[in-house]
Structure formats: C-alpha cells, structure tokens
Amino acid sequence: MGVGGNLPLGGCRPRALLLRSSEVPPSVTESFILSGYRCPGSTFAQCLVSAFQPTNETGNFWTHFLAVFVFAFHFLEQFWSEGPGPRELLDPFYYPLWNYFLGVCGLLVASSMAHLFNSMSLVIREICFYIDYGTISAYTVGSSLAYFYYIHPRGPPGPTAGATNLSASPWPGGEGSDWLSALVGRMGTWFEALYVPTACLIALFCTLACCSTRHQWQRYRYLIRTLVFLLPFVVVSIPVFHKLWWAGGGQGTGHFFLRHCFWLLASGVFNISKIPERFSPGKFDIWGHSHQWFHCCTFMSILDELYMIRGEIQELGMGPPLLLPRVPTFLSTFGVMLLLLLLLASIIGWFGVRAHARQQHSKLRKGD
C-alpha cells in the first residue's frame, strides 16, 4: 500500500488490520508513533472490538474509561463516609459538587470515546476530538463552580470571623479606612460578579482555539493546546490562591493543590515533549507512549483536586451554621452548566459542519 493510505476508507478487512503511519492519511498520524493504526473507515463494531486489541489507541481508551469508575467511587465517599455536613444527595449545598462531578465524568467519557471511535471516518475523527476539547472546557467550569462555593476566600480571622450572614462578602476589606482595604474589598465585589462568567467565556475561547489547531498551526498544536488550557487553570484557581494567601487553606488545601499542580505540570510535559516515544520511535507505539502518561497524570490531578474540594466541604460542615457566603441554586449551578453546554455544542457543530465540507471538497477534487 502506498504512502498516505491507498487503502480505501471502509476497506478494512475483518479482524481489524493494523497499519503503519505511511499507510494512513497524514491527519491520522501522531508524532513518533509508527504503527498500530486502525483503518480509517472502521465500523462501529470494529471500533468496539479494538478496545480489546493492541492498537495505539487501546491504552488511551482504557486510561480514561477505567478512571470514570475510580473517580465515581472516590466522589461517592463524600456521601457515605462519616463526617459533618448534609448527606442528602440532592441538597442544594451539593449542587456545585454535582456539577463538578458531571464535568469530570463528561471529560473522561468523551476522551475515552473519542479515542475508541475516531477511526470510523476522518470527519467523525475530527468531531470526536472537538467534543473532547469541549468537555475539557466544561470540566473547567465545573471546577470553577465548586471553587466558587466551597473554596471561597474568607480572609484571616478577625472580630467578625463567627458571623453567619449569608450576604456578607468573604473577601477581607472594608474593616479599615486605608486604601488597600478599600481596594481589596472592591476586588471582592468584582470577583463575586465576574468569576463564573469569566470562567465560561474562557472555556468557550479554549474550545475555539483547540478546535482551530486541528487545521492551523499544526506544527505547534500540542504546545498551543497545553498553553491554552493554562489560562483557565490560572483564572479558575483564583479562590485557591486567595485562600492560601489569606487563610492558609482548609484541611490539606495547600498539600492537595500543590499535588494537583504537579500532576498538571507533568501532564503538560508529556503532552508537549512526546517522551518517551521521541527517543525511541516505534518502541512505544502500543503501550507506554506519552499520551497514555498524559491521561494518567491528568486523572491524578483530578483526584487531588477532588480531595482538596472534599476537605473544604468538611471544613464548612465543621464551621458555624450557614457558613456559606453564597447560597447555591439550581439556576446558578446546573443552569450555568446547561447554558455553557449549549454554547459548546454550537461551536462543535460549526466546526463539524466545516470538517464535513472540507471532506466533501477533497472528494470532489480527487474526482476531478
């Protein structure tokens, strides 16, 4: 078979023929991965079977598919473990946590399905990864909701530390007359109004940018995607930065947040460097290549983030009644996530239509 995939789409023989990088379209190949490619045009059933065959996507699928169940187990511990706080699954107190759960599970499921079904066609491949980028963005907003309600900065202990007024701002400031107090108090007001909307806008931007890298700036696509998602990390983590600065965090907040950052850094290094396959092309085609390590590191970062959030929830349960300075509502949590998902779906649909049009145009040119 010739370079670029002279094997026609849909021409896979039974038992899932695996191809080399020279036998598939260039848009399907990954840097330094020389073999283990499935035939573009695989059927739905062939894709399902490939989860149990040694392809270069098998590890990518299982590292995030199994992670769904591991995460769900650790998440549900919050409800069956002994400790303070409400235990009703649908208590409004837990609305932000459930949005976080949906964001994480959506990311893990979409990622695993994208790696499993992307060989059905070149267009489906594009759409699979557009959805993957969209769910990563939705996850960042789920995190922002959990941070906004549970890891809210309450400032250093002071005369009003025992106040239980739900409308009180959790930001320090306003107690004195100096300009710094006034400035910090004003920043707290801006934070209250702009934090979640800004997280949503950044999520939309990240999805647009990452989808665009599939057809532009391809030489630097992994670097761009990694740096693009650095922006939501910095913005979404503002409550954590502020709380660590002013109050030292809750039960293990600093410890788990540092571990969360370490795993994110490690995942970025694997995603950009393409280590270890960069140093031995062909040796890690099936198992042990960088994208599998990238998946493992991102999941470890999510687990540490979950432990951090759970620690903050436990601290809230041990504090005075009505400690939350903001009351979660269905509209301010699930409503925000639903609106975001609708906007992300429109972006993904737009890029999907463009991918289909490009494919049709390519077929017409070949017909000429």
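Source: prediction; values computed, not measured.

What counts, and at which threshold
Residues numbered from 1 in each chain as written. Predicted model: local features only at pLDDT ≥ 70, side-chain atom pairs only at ≥ 80, totals over all residues. Heavy atoms only, no water. Helix = DSSP H or I, 4+ residues; strand = E, 2+ residues; numbered from the N terminus. Polar contact = N/O pair within 3.5 Å; in protein donor to acceptor, adjacent residues only side chain to side chain. Contact = heavy atoms within 4.5 Å. pLDDT = per-residue confidence, 0-100. Core = buried A, V, L, I, M, F, W, Y, C linked by side-chain atoms within 4.5 Å. Buried < 20%, exposed > 50% of the residue type's maximum accessible area, 1.4 Å probe, protein only.

Here we take up the side chain of Ser112. Assignment of secondary structure puts Ser112 in helix H3 (residues 95–117). A polar atom in the side chain of Ser112 sits 3.0 Å from the backbone oxygen of Leu108. Sequence-distant contacts of Ser112, that is, excluding residues within four places in its chain, are made with Phe61, His64 and Phe65.

Moving on to the confidence of the model for the chain. On average, the chain scores 83 in pLDDT, and the residues at 70 or more come to 78%. By mean pLDDT, helix H5 (residues 179–212) is the weakest element of the chain at 80, and H3 is the strongest at 97. Counted against residues more than four places away or in other chains, residues 155–177, with its pLDDT under 50, gives 38 contacts.

Ranked by internal contacts, the top residues of the largest apolar core, which has 71 residues, are Phe71, Leu97, Tyr100, Tyr150, Ile309 and Leu340. For this core, the elements supplying multiple residues, two or more each, are helix H2 (58–80), H3, helix H4 (122–150), H5, helix H7 (230–236), helix H9 (253–273), helix H10 (290–318) and helix H11 (330–367). With 13 residues, H4 is the single largest residue contributor to this core. Discounting residues that sit within four places of it in the chain, Leu340 has contacts with Ser137, Ala138, Val141, Cys200, Ala203 and Leu204. Among the nonpolar cores identified, the runner-up in size contains seven residues, and Leu19, Val28, Ile33 and Leu122 belong to it.

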